[in-house]
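Take a look at the letters that make up each chain.
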Amino acid sequence: MKKICLVLLAAVMVTACKKENSPVKTTTPETVATTPKAKKTDATLSFGGYTWVISAPAGKVSPGPNYWSASNAWVDASGYLHLKAAYNASTGHWECAEVYTQQSLGYGTYQWQVEGAIGSFDKNIVLGMYNYSGNDQHDEMDIEIARWGNAAWDNLNYTIWPATGVTASPGVYTASFTTPNGTYTTHRFKRTSTSVKLQSLYGFQDGDANQFQTATFTSPGTSISTLAMPVHMNLWLYDGSAPTNGQNVEVIIHSFKFTAL
């Protein structure tokens with residue numbers, strides 16, 4: 001049974017926060033040049049018609065915090081993007097994967113087609129698909145597959161972080177559901193200046209067939225960023241904790257597509 005909750009920032013920070021520490025209404029999103037702090041690297045890959053920076057900083061950094069490896073993100077001969085969280089015996093560390101676009105994207109539909117047993121992920125595995133300005137706890141629209149370290153919790157999370165300039169009220173808005181088992185799924189959100197609609201569907205879909213979850217957040221009830229932002233994908237470990245089963249995890253992103261309004 002699905003459950004939907006709208007909560008303020010203080011509540012969400014306890015259960016689903018993953019980043020470390022009045023929206024301006026515009027017709028066209030304001031473009032900002034942003035790079036996640038401590039995550040810049042010159043290594044890139046091409047996927048879905050965009051150039052993606054591979055995030056592989058030295059040391060243990062957020063989210064998590066975790067260790068990150070450029071070797072854990074790659075595109076195969078079929079043009080699919082692989083993200084992997086794996087134990088590296090040579091370093092003695094679990095290492096994660098993250099990529100983000102060099103280009104900032106604004107209003108439109110963001111869609112991912114995912115191969116992976118997301119319904120049976122270990123409680124410490126997090127798969128994120130989102131846009132993010134680089135301003136922690138602001139300007140972010142998330143689809144995350146994660147149980148945040150608790151195997152009893154729902155594992156499909158839709159989150160809207162407030163626009164820059166908005167503090168604890170109205171704060172963060174989130175909807176959480178249980179994701180059914182299934183290897184092939186589509187996830188998307190459509191953002192405008194006044195709303196964000198998020199969807200998850202069985203199979204690879206461009207329409208609305210086989211939808212199993214959705215939620216819509218609207219302004220002014222929800223603080224929605226107006227910025228154009230880079231798109232991120234990552235596979236990481238909650239609180240930097242290894243999977244309880246000790247198994248490496250790999251997800252294949254068959255496609256990412258952005259359709260501008």
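Structure: above.
An account of the accompanying structure is given in this report. (Residues numbered from 1 in each chain as written. Predicted model: local features only at pLDDT ≥ 70, side-chain atom pairs only at ≥ 80, totals over all residues. Heavy atoms only, no water.)

Observations concerning the environment of A86
Thinking step 1. Counting through the fold element by element, A86 comes out in strand 6 (residues 81–88).
Thinking step 2. Judged by its relative accessible area of 9%, A86 is buried.
Thinking step 3. The sequence separation of A86 and E250 amounts to 164 residues, and the corresponding C-alpha distance is 8.2 Å.
Thinking step 4. Those residues within four positions of A86 in sequence are excluded, and the remaining contacts are N72, H93, W94, E95 and N248. (Helix = DSSP H or I, 4+ residues; strand = E, 2+ residues; numbered from the N terminus. Buried < 20%, exposed > 50% of the residue type's maximum accessible area, 1.4 Å probe, protein only. Contact = heavy atoms within 4.5 Å.)

Overview of the packing of aromatic side chains
Thinking step 1. All chains considered together, the criterion is met by 14 aromatic pairs.
Thinking step 2. Between Y110 and F189, the aromatic rings sit 4.7 Å apart at their centres with planes inclined by 25 degrees, giving stacked as the arrangement. Of the two residues, Y110 is situated in strand 8 (residues 108–115) and F189 in strand 13 (residues 184–191); the sequence distance between them amounts to 79 residues. Across this residue pair, the class does not change: Y110 and F189 are buried. (Phe/Tyr/Trp six-rings, centres within 6.5 Å; stacked < 30°, edge-to-face > 60°.)

Some thoughts on the pairing of strand 11 (residues 156–161)
Thinking step 1. A large share of strand 11 lies buried, amounting to six of its six residues.
Thinking step 2. With burial as the criterion, each face of strand 11 is covered, one bearing L156, Y158 and I160 and the other bearing N157, T159 and W161.
Thinking step 3. Direction of pairing for strand 10 (residues 140–146) relative to strand 11: antiparallel, over a ladder of six bridges. Counterpart to E144 in the pairing with strand 11 is N157.
Thinking step 4. For strand 11 and strand 12 (residues 173–177), the ladder comprises five bridges, and the chain directions are antiparallel. If you follow Y158 over to strand 12, its bridge partner there is A175. (Pairing = 2+ DSSP bridges.)

Describing the pattern of salt bridges
Where charged atoms from two side chains of opposite charge come close, those side chains can pair.
Thinking step 1. What the rule picks out here adds up to two salt bridges.
Thinking step 2. Between R188 and D208 there is a salt bridge whose closest N-O contact spans 3.3 Å. Of this pair, R188 sits in strand 13 while D208 sits in the loop between strand 14 (195–202) and strand 15 (211–218); the two residues are 20 residues apart in sequence, bridging distant segments of the chain.
Thinking step 3. Judged by relative accessible area, R188 falls into the buried class, the value being 5%.
Thinking step 4. The salt bridge involving D206 is made with K257; its shortest N-O contact spans 3.0 Å. With a gap of 51 residues between them, D206 in the loop between strand 14 and strand 15 and K257 in strand 18 (residues 249–260) connect regions that are remote in the sequence.
Thinking step 5. Residue class for D206 comes out exposed when judged on its relative accessible area of 56%. (Salt bridge = Lys/Arg side-chain N within 4 Å of Asp/Glu carboxyl O.)

Remarks on unusual backbone geometry
Thinking step 1. A cis amide bond links G64 to the next residue, P65, at an omega of 0 degrees.
Thinking step 2. Within the secondary structure, P65 is located in the loop between strand 3 (50–54) and strand 4 (67–68).
Thinking step 3. Between S219 and P220 the backbone carries a cis peptide bond, its omega angle lying at 15 degrees.
Thinking step 4. With respect to the helices, strands and loops of the structure, P220 is situated in the loop between strand 15 and strand 16 (227–228).
Thinking step 5. Even without glycine at this site, Q137 takes up a positive phi of about 70 degrees.
Thinking step 6. Judged by its relative accessible area of 14%, Q137 falls in the buried class.
Thinking step 7. The residue D139 is not glycine, and still its phi comes out positive at about 50 degrees.
Thinking step 8. Mapped onto the elements, D139 comes out in the loop between strand 9 (125–132) and strand 10.

As for the environment of F121
Thinking step 1. With respect to the helices and strands, the residue F121 is situated in the loop between strand 8 and strand 9.
Thinking step 2. A sequence separation of 128 residues divides F121 from V249, and the C-alpha atoms of the two residues are 8.4 Å apart.
Thinking step 3. Setting aside chain neighbours within four positions, we find F121 in contact with L127, I145, R147, V249 and V251.

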